[in-house]
Structure formats: C-alpha cells, structure tokens
Amino acid sequence: MSRNQTNKDSSTGTRRGIIDLLKQQGGMDVATLSSKFLLSGMAIRQHLNALKEEGLVTYEEEARPMGRPTKLWRLTPEADRFFPNGYSELSVSLINSMREAFGNEGLEKLLSVRNKNMQEQYLQHLGNASGVREKLEKLADIRTSEGYMAEVKEQGDGSLLFIEKHCPICEAAAACTGLCKNELHLFETILGDNVHIERVEYILAGGKKLCLQG
C-alpha cells in the first residue's frame, strides 16, 4: 500500500472518529478534540474544515470568561447518514398507509400492540435486575443495540439521567408522535410505578439527544 493511500485511510478513520465522538459528546472545541485524538490543533482543524466542506459539521461560538469566544463544533443533520436510520422511508410510508387504512384510532391500537411486545422483550432482557440503576444500565444496553446510543449518568443530586444520543426512527416518530408517547409509557412500565420519569430534552423538539431524568 502506498504512503498516500495510508495517509488517506488514516484521515478517513480520524474524521469518522470525530463524527462518532461529536455524536456521543455533543459540542466540543478543538483543544478537547486534540486531546482525545492525540493530534495537534492544526491537524484537528484541517479535519474539521474538511468535514465542514462536506456539510457534516458546523460550529457555534461560545463566550468564555477570559479571551475570545471558542468555537464548539457539532454535527449537522447530514451526519445522521452515518448512523442507523431504522429504514425511515419505509417506516413513514407504512405509518401513512396504516393511518389511511385504519384511521388514527386503528393506528393507536397497532402501536399499543407494538408497545406490549416491546415491553415483554425488555422485561425479559432486564431479567432479575432489582435496583433502578441496574435496570437503566440493562435498558441502555438493549437500546444501544437498537441504534439509540444510550447511556446512564448520575447527577450531582443523586438522580439518574438516561441519555439517548441518536434516534434511528426519528423520521417515523416525526410522522407519528404516538411512537414517542408509547415509548415513554414503556419506560415507566418496565422501571416500576415508584420511579418518576421526566423528559428533559427531546430530539424531535430540537434537542441534541433524548434525556430522561428520574
């Protein structure tokens, strides 16, 4: 393999790594990205500029207590093509067809059946998990396997934040908001009546991720 090909492959790998990291972490500055990839700031800027030319990243300036504002780099919606989309076009088409065939009431019944099946699958996956933290960790595992890139974080007040950084059914959910409503009900059911869940950030409402606090 030629040196040029090796350098090209390395650049491609680094840029994909940047895309994955921005998806996981949200907005990041050059200094933070440099430390993650052990590259100079100049090298990271070159990669970011190349990604920007492809329409995959953009930035916003964030004021700092001292010095000039810092650029925080984020992914654009165009970057979603690198992550699972759950056959969005087919899903939206099927949702519209079901609504036309059965009406909104019939569609809600179908979603209820889907929700019941998912509940059974999730409860089986959770197994004998007892505490809320253990249940959330196992829920994060299964949601990640489905393409949601989920994780659990403990907050300073002791509450737990369940985060999903990608929605593989986003277009379908936009066409049928019942999917999200049933999903929240699904989480409440499998976690137990004694667990209070509050949605604090919502991808369909313009958030960068789905965050549930409880």
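Quick look at the structure, then.

Rules used in this analysis
Residues numbered from 1 in each chain as written. Predicted model: local features only at pLDDT ≥ 70, side-chain atom pairs only at ≥ 80, totals over all residues. Heavy atoms only, no water. Core = buried A, V, L, I, M, F, W, Y, C linked by side-chain atoms within 4.5 Å. Buried < 20%, exposed > 50% of the residue type's maximum accessible area, 1.4 Å probe, protein only. Helix = DSSP H or I, 4+ residues; strand = E, 2+ residues; numbered from the N terminus. Contact = heavy atoms within 4.5 Å. Phe/Tyr/Trp six-rings, centres within 6.5 Å; stacked < 30°, edge-to-face > 60°.

## Quick look at the nonpolar core
Of all hydrophobic cores here, the largest spans 17 residues; its most connected members are Leu 48 and Leu 75. Mapped by element, the contributors of at least two residues to this core are helix 1 (3–25), helix 2 (30–37), helix 3 (41–53) and strand 2 (70–75). At four residues, helix 1 tops the list of elements feeding residues into this core. Look past the residues within four positions of Leu 75 in its chain and what remains in contact with it is Ile 19, Leu 22, Lys 23, Leu 56, Val 57 and Phe 83. Ranked by size, the runner-up nonpolar core spans 16 residues in total, among them Leu 136, Leu 186, Ile 190 and Ile 197.

## What about the packing of aromatic side chains?
Per the counting criterion, the structure on display carries two aromatic pairs. Ring plane angle 65° and centroid distance 5.8 Å describe the contact between Phe 162 and Phe 187, whose orientation is recorded as edge-to-face. Taken together, the positions of Phe 162 in strand 4 (residues 160–164) and Phe 187 in helix 7 (residues 178–191) put the pair 25 residues apart, joining distant regions of the chain. Comparing Phe 162 with Phe 187 shows no difference in burial state: the two are buried.

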